[in-house]
Amino acid sequence: MSSPSVIIVGSGLVGAATALALHQVGVKSTMYDQVNPMEVIMRGDAIEFGESGGAVSIQAGGLRVLRTLGLLEECFAAGTPLPYVTWAKIDGSKPIVGDSKVGNKKAGETDPALQVPLQILRSTLHTILMRACHKVGIKTLVGKKLLDVKQEDDTVTATFADGTTATGNLLIGADGIHSTTRRKVFGEDLVAKYMGEMGHIGVVNIKEHNITIKETEKTAFFIDRDKKYLAATFQVSDDIAAVNITTFGDAESQDQSYRPVTDLPKHAGRLADLLKSLGTPPHLEQMMRCSFRLSSYGIYDLPDLESYHKGRVILIGDAAHGMVPSAGIGLLTGLEDVGTLRACSNNFLTKRLEQGFGIVLQNPRRSWYDCCKSIA
Ligand SMILES: Cc1cc2nc3c(=O)[nH]c(=O)nc-3n(C[C@H](O)[C@H](O)[C@H](O)COP(=O)(O)OP(=O)(O)OC[C@H]3O[C@@H](n4cnc5c(N)ncnc54)[C@H](O)[C@@H]3O)c2cc1C
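Okay, so let's go over this structure. (Residues numbered from 1 in each chain as written. Predicted model: local features only at pLDDT ≥ 70, side-chain atom pairs only at ≥ 80, totals over all residues. Heavy atoms only, no water.)

### Quick word on the overall build of the protein chain
Condition: A run of H or I in DSSP counts as a helix once it spans at least four residues, and a run of E counts as a strand once it spans at least two, with each numbered from the N terminus. Here's how the labels work: a residue is buried when its accessible area is under 20% of the maximum for its type, exposed when over 50%, partly exposed in between, all with a 1.4 Å probe on protein chains only. Contacts are residue-level and defined by heavy atoms, with any inter-residue pair within 4.5 Å sufficient. Accessible areas in this description were obtained via Shrake-Rupley with a 1.4 Å probe; residue shielding takes into account the shown protein chains only.
Along the protein chain, the regular secondary structure elements total 13 helices and 19 strands. Scored against the burial criterion, the 376 residues of the protein chain give a buried share of 52%. For the protein chain, contacts bridging at least 24 residues in sequence account for 72% of all contacts bridging at least 6. Split by element, the accessible area of the protein chain, about 17200 Å² in all, is 54% carbon and sulfur.

### Regarding the pattern of salt bridges
When their charged atoms lie close together, side chains carrying opposite charge are able to pair. Put simply, the rule reads: The salt bridge definition used is simple: a Lys or Arg side-chain nitrogen within 4 Å of an Asp or Glu carboxyl oxygen.
Within the structure shown, the criterion is met by 12 salt bridges. Linking Arg64 and Glu109 is a salt bridge whose minimum nitrogen-to-oxygen distance equals 2.7 Å. Taken as a pair, Arg64 in helix α3 (residues 60-68) and Glu109 in the loop between α5 (100-106) and β7 (118-121) lie far apart in primary sequence, 45 residues in all. Take Arg64: its relative accessible area is 36%, and that puts it in the partly exposed class. With its nearest N and O atoms 2.7 Å apart, the salt bridge here joins Asp162 to Lys144. Within this pair, whereas Asp162 is found in the loop between β10 (156-160) and β11 (165-168), its partner Lys144 is found in the loop between β8 (139-142) and β9 (146-151), the two being separated by 18 residues in sequence. Judged by relative accessible area, Asp162 falls into the partly exposed class, the value being 41%. Via salt bridges that share partners, Arg183, Lys184 and Glu188 belong to a single interconnected network.

### A few points about the sheet that holds β11
Defined as follows: We call two strands paired when DSSP finds no fewer than two bridges between them. For helices, the fitted axis covers only the stretch in contact; all axes are lines through C-alpha atoms, and the angles between them, taken along N-to-C directions, range from 0 to 180 degrees.
Taken in spatial order, the 3 strands line up as β9-β10-β11 in an open sheet, and their pairing is antiparallel. Each end of this open sheet is capped by a strand with a single partner; those strands are β9 and β11. The sheet shows a mean angle of 20° between the axes of neighbouring strands, taken without regard to direction. Sheet analysis places β10 next to β11, joined by 4 bridges and oriented antiparallel.

### Section: helix α8 (residues 264-278)
So the rule is basically this: One fewer than the residue count of a helix, multiplied by 1.5 Å, yields its expected span.
For α8, spanning 15 residues, the distance from its first C-alpha to its last is 21 Å, which sits close to the expected 21 Å at 1.5 Å a residue. Within the sequence span of α8, burial applies to His267, Ala268, Gly269, Leu271, Ala272, Leu274, Leu275 and Leu278. The inward-facing, buried residues of α8 abut β13 (193-205), β15 (229-235), β16 (240-246), α9 (282-289) and β17 (293-301).

### Overview of the side chain of His321
Let me state the cut-off plainly: Two N or O atoms form a polar contact when they lie within 3.5 Å of each other; inside protein one atom must be a possible hydrogen donor and the other a possible acceptor, and for residues adjacent in sequence the pair counts only when both atoms belong to side chains.
Tracing the sequence through the fold places His321 in the loop between β19 (313-315) and α10 (329-343). By relative accessible area, His321 is classed as buried at 4%. Side chain to side chain, His321 and Asp337 meet in a polar contact 2.9 Å long.

So, in structure tokens, the structure goes:
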């Protein structure tokens with residue numbers, strides 16, 4: 001049987017992980033991304049491919065996928081393990097410290113190598129995935145903004161804004177929350193609606209600013225139940241950490257998810273003042289004030305889909321399902337999608353490729369999304 005060719009729209013974290021997983025099972029794919037590095041460099045705005053966002057925490061389900069892709073050790077070397085998670089009052093008092101190993105064991109994870117989660121900068125993980133794709137010869141064509149998708153009996157064709165097209169046996173839409181694939185194939189009205197800003201995340205060099213984070217507070221949440229504020233710290237390496245503050249209904253809110261703010265001193269200053277006024281432990285205020293990058297993140301309402309598969313087109317990651325936009329939950333879910341596809345590869349390689357993918361995404365994954373949605 002000749003190898004089918006797959007078009008992956010979007011080379012974010014999930015697109016890149018999908019391409020690697022397909023490569024492992026002998027399926028050739030090419031990624032197409034709207035980002036045009038020349039344009040964004042000229043604008044000084046290299047967001048999707050560059051230094052952006054904050055930290056992502058990856059639990060056992062995602063770690064298992066990274067291990068299958070052969071990247072687990074490299075990821076741990078570039079990030080940090082999270083032996084504890086702490087929940088405390090806003091001033092750091094009355095901490096409850098959870099031992100990740102014990103918690104994950106209780107939750108049913110039997111593999112000791114996967115019981116301690118990984119915390120890593122989103123941008124660092126993206127670099128690792130893209131480098132791994134490059135190493136095995138997976139191509140990413142940039143400046144390819146998807147405009148339309150047309151399906152024939154045996155093929156699917158993507159049309160891009162630069163007038164070019166690409167034809168393959170299967171198209172995987174990994175083009176994120178504002179997915180064009182979803183709109184063009186599943187329905188024009190299936191757009192993600194911006195519901196407002198959820199918070200801000202700052203990234204800081206703690207070594208440079210002599211900030212010490214306790215071992216138990218590498219991931220720590222500080223809560224003010226009455227005022228409804230949540231602050232958090234996420235250490236990602238010996239020298240880098242992120243600080244997070246929920247700012248629902250911020251007057252300066254706009255749909256700029258994960259785009260670093262342009263007036264850093266102004267926003268870092270006002271958010272540091274907010275942390276101080278809430279009475280958080282002093283290092284949170286200092287972390288925010290000294291941030292070298294600060295991004296806001298929003299929350300979106302995404303219409304449900306009956307199925308993530310239509311003919312020769314499949315949606316994956318944020319393009320398929322909405323998730324709570326923090327702590328890497330969107331990524332974790334997307335990585336689990338990739339792992340599910342990879343694990344079922346034997347089935348779909350011997351049957352019809354697109355049917356196999358569709359069955360996988362429609363059945364076992366669907367119940368997980370429904371479960372997350374009801375919790376949210
Ligand atoms: C810049 C950025 C920073 C983030 N930071 C964090 C964070 O700090 N913490 C956290 O928990 N989550 C963060 N997220 C969200 C998290 O990365 C995602 O939830 C998760 O990784 C799922 O990713 P994805 O690959 O499905 O989508 P995305 O990461 O959004 O990737 C989608 C890709 O598709 C491309 N694309 C979109 N439309 C088109 C089109 N029409 N044609 C071609 N290509 C297209 C985009 O350029 C992008 O590269 C961030 C997302 C982004 C985009």
